[in-house]
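Chains, contacts and geometry: an overview
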Amino acid sequence: QVQLVESGGGLVQTGGSLRLSCAASGQTFSTYAMGWFRQAPGKEREFVSAISWSGGMTRYADSVQGRFTISRDNAKNTVYLQMNSLKVEDTAVYYCAAKYHLRPPIVLVPPSSDLYHYWGQGTQVTVSS
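**Details of unusual backbone geometry**
- Put simply, Pro104 and Pro105 share a cis peptide bond, and its omega is -5°.
- With respect to the element layout, Pro105 can be found in the loop between strand S9 (92-100) and strand S10 (118-119).
- Not every positive phi belongs to a glycine, and Asn77 is a case in point at roughly 55°.
- With respect to the element layout, Asn77 can be found in the loop between strand S7 (68-73) and strand S8 (78-83).
- Relative accessible area serves as the criterion here: at 26%, Asn77 is assigned to the partly exposed category.
- Phi is positive for Ser85, close to 50°, though the residue is something other than glycine.
- On the secondary structure map, Ser85 appears in the loop between S8 and S9.

Laid out in structure tokens, this is it:
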């Protein structure tokens, strides 16, 4: 069992930056691939970014490529999402998720929500124009 707690959300103007954090507890954090997803009002949850258990591989949605950076600190059991050049369309609740890397299917940087086993409660990000 893994517990995930997101933080760092808030209100920011267009072009601003935020850094989200997701603190994990319960199991060996370094054995989990981690992902960030988001859900805007009236829309389905969508993939934002993922990072492999070692941190050696990352993946981004086209909509955030070049603006967002995912990273992890296995010593601190935390994954981060640095968000720069924020746009109004980035407004959403952001969720982090964890996938045990040895549980099939073996996907190092999972892009689909159905591949993840544990989810956080989410943190609201609002970008104003």
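And the narrative resumes.
**Re the packing of aromatic side chains**
- Applying the stated criterion across every chain, the model contains 6 aromatic pairs.
- Where Tyr32 meets Tyr118, the ring centres are 6.1 Å apart and the plane angle is 65°; that geometry is what we call edge-to-face. Linking Tyr32 in strand S4 (residues 32-39) with Tyr118 in strand S10, this pair joins segments that are 86 residues apart in sequence. For the pair Tyr32 and Tyr118, one class covers both residues: buried.

Definitions and limits used
- Residues numbered from 1 in each chain as written.
- Predicted model: local features only at pLDDT ≥ 70, side-chain atom pairs only at ≥ 80, totals over all residues.
- Heavy atoms only, no water.
- Helix = DSSP H or I, 4+ residues; strand = E, 2+ residues; numbered from the N terminus.
- Buried < 20%, exposed > 50% of the residue type's maximum accessible area, 1.4 Å probe, protein only.
- Phe/Tyr/Trp six-rings, centres within 6.5 Å; stacked < 30°, edge-to-face > 60°.

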